[in-house]
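Letter by letter, the chains look like this.
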Amino acid sequence: MKGEILIKNAKLVDGRGEHGQADVLIGEGRILSLSGGEASTVLDATGKVLSPGFFDPHAHLREPGQEVKEDLQSGLAAAVRGGYTDVVSMPNTTPVVDSAEIVRALKEKAARLGRARLHPAAALTQGQEGKVLSEARLLREAGAVMLTDDGRTNEDAGVLAQGLQYAASWGLLVSVHAEDAGLRRGGVMNEGAVSFRLGLPGNTGYAEAARIARDLEILRYVMEGPGARGLQPGRSLLHIQHLSTRRGLELLRQAKQAGLPVSTEVGPHHLTLTDEHLESLNPIYKVAPPLRTQADVEALMEGLLDGSIDCIGTDHAPHTQDEKELDMLRAPFGIPNIEVCWPLLYTELVGKRGFPLPTLIERFTDGPRRLLGFSPVHLIEGGEASLVLWSPGEERPVEPHTFASKAKYSPWAGWVLRGWPSVTLVEGCIVYLQQENR
Ligand SMILES: [Zn+2]
C-alpha cells in the first residue's frame, strides 16, 4: 500500500487502551494501515508513543485586540508544540467574540495559518455583560462550538437559564466560570492559612461551590421545562470550567449521578500546584480560580481518575512580562501552559503517581471531543490522522524562553519533564516537527 507518511515502530496508545507496536501508514488525511507500506516521508518512532491529537476545550489566544499578549499565530504554534490538534478559544477579547462575523474571521485566519484547528467559543451575552443574550443560532452557524462569558461570572440566574434553553435548541454547550462574585470579593489567592499568614485578600473555595450549586439548580430547572428539546443523549449542556475545589467536585458528582447533563474540566496547575507556592509572593502563581490546598489537589486527581471530571482544559492565559511582574494585588490572573500541559501531567500523574496512561489520554482526547459533540479520534485503520507522537523517555527541563507562546515565563520553569511531543499531525499533515524549533 502507498501513502504519504509512514511512522515506523510507534507504540500505540489511545483513550481505549494500549495497542502494541505498529508501522502507521498515513494518506488522504487518514490512517491507511497499521502494518506499514510505502511512503515518501518516513519517520522513525522507536521509543515513542503515538496518540490521538490533544483537544483543548479552554484556551485564551487573545485575538482580536490583545495581540501584545498572544495572537492566533503564536497561540496555535504553541498549541501544536504541546501536541494539540484542536483548540477552543475563549471570547473575552477586545472586542468580545459575540458576533458571527468575528467567529468567521477567526476561523478563516486560523485555517490559513495551518497549525491546530481553531474552534471559537462565543460570548453567551452581548459584550459579555451578562444582560442580553447573543445570537446562539447565528454563532453556531458561523462555527462557534460553545457559549461562555468566561472571564466574567454570570450573575443573573434568569439570563443563564434562558441562555441554556437557547443553547440546547441549537446544539451548543454553555460553559461557565463558576465563582460567586460576592463571596470571591477581591480575593487574589485561596482563602486559608497561607492567605491569612501573608495578609492577602482571600478567595474562598465556597465561592466556587456556592456558584456550582446555584448553576446546577438552574440546569435542573431548564431540563424539567421546555428547554430540554434538541439535547442529544450523552451530550452535556452545562460545562463547569477549571474546577478547583473538593466541595465543587462533590456537588458535580451528585449531579452527574442524578443524570443531569453537566460536565467539567480541570487545569494542569490545579493538579500540580497549591497555595503554598504563593508563599513566594510571586504573581506567576496568581490564577483564577486560585491554587487551592493539597486536599483539593488529591480530590481533583480522584475525580479525573473516576471520570467525574471529564477532561483537561489548559486555561492557557498568557499576559505580558510587565503585567505579570506587578505585585500580587495588581498582577493579572493567568499563566501560559499549553506547551507543557501534556509532559507535565504525564510526568507528575503517570510517572510519579501511577495514573493509568490510557485514562489520562482519554481526558486529553475523547473526553473534550465528546462533550462538544465531536467524534473520537482512534488509532484504527480508517481513523482520522490527527495525531501526536511523543517521547516518554526524553527528559528535559521546562525552558520558558523557548516557548512559541508570547508569554515566556512559567510556574514550572526548570521542572524536568518527560513526554515531550515531537510530531503533531492534523488530518495527515505535519503541523509541528520538533527539530524546526530546537
Ligand atoms: Zn479562562
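The preceding data block contains the structure.
Keep in mind that what you see is a predicted model, and the values were worked out from it rather than measured.

**A closer look at the overall build of the chain**
From N to C terminus, the chain includes 14 helices and 20 strands. Since a compact globule built from 438 residues should have a radius of gyration of about 22 Å, the 21 Å found for the chain is in line with a globular shape. Dimensions along the principal axes, computed over C-alpha positions, put the chain at roughly 60 × 50 × 40 Å. Taking all 438 residues of the chain together, the buried fraction comes to 61%. Taking all contacts inside the chain whose residues are at least 6 apart in sequence as the whole, residues at least 24 apart take part in 75%. Surface accessibility of the chain: about 16100 Å² in total, with carbon and sulfur atoms responsible for 50%.

**Some details on the coordination of the zinc ion**
Taken together, His 58 (NE2), His 60 (NE2), Asp 150 (OD) and Asp 315 (OD) make up the full set of protein donors to the zinc ion, lying 2.1 to 2.4 Å away. In this structure, the zinc ion is coordinated by four donor atoms arranged in irregular fashion, with angles at the metal of 81 to 163 degrees. One chain supplies every donor to the zinc ion, and in sequence these donors are spaced H-x1-H-x89-D-x164-D. Taken together, the positions of His 60 in the loop between β6 (54–59) and α1 (72–81) and Asp 315 in the loop between β15 (311–312) and α11 (321–324) put the pair 255 residues apart, joining distant regions of the chain.

**Let's talk about empty space enclosed by the protein**
Tallied over the entire structure, the rule returns two cavities of 30 Å³ or more. A volume near 100 Å³ is recorded for the largest cavity. Lining the largest cavity are 11 residues, with Arg 81, Glu 339, Arg 396, Thr 402 and Trp 420 sitting closest to its centre. Contributions of two or more residues to the lining of the largest cavity are made by β17 (396–397) and β19 (420–426). A class-by-class count of the residues in the lining of the largest cavity yields five nonpolar, one polar and five charged.

**Some details on α1**
Of all 10 residues in α1, nine are buried; the element is thus mostly enclosed. Taken together, the buried positions of α1 are Leu 72, Ser 74, Gly 75, Leu 76, Ala 77, Ala 78, Ala 79, Val 80 and Arg 81. In this structure, the buried residues of α1 make contact with β7 (84–89), α2 (100–113), β8 (117–122), β19 and β20 (429–433). The positive-phi residue at the C-terminal boundary of α1 is Gly 83, with phi of around 90 degrees.

**Some remarks on the layout of surface pockets**
Size it by volume and the largest pocket reaches roughly 400 Å³. Lining the largest pocket are 24 residues, and of these His 60, Arg 62, Asn 92, Gly 151 and Phe 333 lie nearest its centre. Residues of the lining of the largest pocket, tallied by class, amount to six nonpolar, 12 polar and six charged. When its volume is computed, the second largest pocket comes out at roughly 260 Å³. Among the secondary structure elements, those contributing two or more residues to the lining of the second largest pocket are α7 (205–224), α8 (246–257) and α10 (294–306). At three residues, the largest contribution of residues to the lining of the second largest pocket is made by α7. Tallied by class, residues from the lining of the second largest pocket come to three nonpolar, five polar and five charged.

**Focus on the nonpolar core**
The biggest cluster of nonpolar side chains holds 101 residues, and the ones touching the most others in it are Val 87, Leu 271, Leu 304, Trp 342, Leu 345, Leu 360 and Phe 364. With seven residues, the top contributor of residues to this core is helix α12 (residues 341–353). Excluding residues within four positions of it along the chain, Leu 271 makes contact with Val 266, Val 297, Leu 300, Met 301, Leu 304, Ile 312, Leu 345 and Leu 349. Counting residues in each nonpolar core, the second largest holds 18 residues, with Ala 10, Ala 22, Val 377 and Leu 389 among its members.

**What about the side chain of Asp 14?**
Within the secondary structure, Asp 14 is located in strand β1 (residues 2–14). Taking relative accessible area as the criterion, Asp 14 reaches 0% and is therefore assigned buried. Of note is the side chain of Asp 14, whose polar atom sits 2.9 Å from the side chain of Arg 16. Discounting chain neighbours no more than four positions away, the residues touching Asp 14 are His 19, Pro 52, Pro 358, Ile 361, His 378 and Leu 379.

**Here we look at the packing of α1 against α2**
Their axes nearest at 10 Å, the elements α1 and α2 cross at an angle of 60 degrees. Of the possible angle classes, the one that applies to α1 and α2 is oblique. The interaxial crossing formed by α1 with α2 has right-handed handedness. Contacts between α1 and α2 involve Leu 72, Gln 73 and Leu 76 on the former and, on the latter, Leu 106, Lys 109, Ala 110 and Leu 113.

**Some thoughts on unusual backbone geometry**
In terms of backbone geometry, most residues other than glycine have negative phi values and most peptide bonds are trans. A cis amide bond, omega 5 degrees, links Glu 63 with the succeeding residue Pro 64. With respect to the helices and strands, Pro 64 occurs in the loop between β6 and α1. With an omega dihedral of 0 degrees, the bond running from Thr 94 to Pro 95 counts as a cis peptide bond. Mapped onto the fold, Pro 95 is located in the loop between β7 and α2. For Glu 28, which is not glycine, the phi dihedral falls at a positive 55 degrees. By secondary structure assignment, the location of Glu 28 is in the loop between β2 (17–27) and β3 (30–33). According to the relative accessible area criterion, Glu 28 is exposed, its value standing at 70%. At Gln 128, a residue that is not glycine, the phi angle is positive and equals roughly 55 degrees. Considering the arrangement of structural elements, one finds Gln 128 in the loop between β8 and α3 (136–142).

Here is what the cut-offs are and how they apply
- Residues numbered from 1 in each chain as written.
- Predicted model: local features only at pLDDT ≥ 70, side-chain atom pairs only at ≥ 80, totals over all residues.
- Heavy atoms only, no water.
- Helix = DSSP H or I, 4+ residues; strand = E, 2+ residues; numbered from the N terminus.
- Rg over C-alpha atoms; globule rule 2.2 N^0.38 Å.
- Buried < 20%, exposed > 50% of the residue type's maximum accessible area, 1.4 Å probe, protein only.
- Contact = heavy atoms within 4.5 Å.
- Areas by Shrake-Rupley, 256 points an atom, 1.4 Å probe, with all protein chains shown as cover.
- Donors = N, O, S within 2.8 Å, 3.2 Å for Na, K, Ca; no water.
- Tetrahedral: all angles 85-135°; square planar, octahedral: opposite > 155°, others 65-115°.
- 1 Å grid on protein atoms, 1.4 Å probe; cavity = no way out; pocket = protein on both sides within 12 Å on 5 of 7 lines; lining within 4 Å.
- Points joined across faces, edges and corners; volume = space filled by probe spheres on them.
- Nonpolar A, V, L, I, M, F, W, Y, C, P; charged D, E, K, R; others polar.
- Core = buried A, V, L, I, M, F, W, Y, C linked by side-chain atoms within 4.5 Å.
- Polar contact = N/O pair within 3.5 Å; in protein donor to acceptor, adjacent residues only side chain to side chain.
- Axes fitted to C-alpha atoms, helices over the stretch in contact; angles between N-to-C directions.
- Parallel < 35°, antiparallel > 145°, perpendicular 65-115°, else oblique.
- Left-handed = near helix turned anticlockwise from the far one by under 90°.

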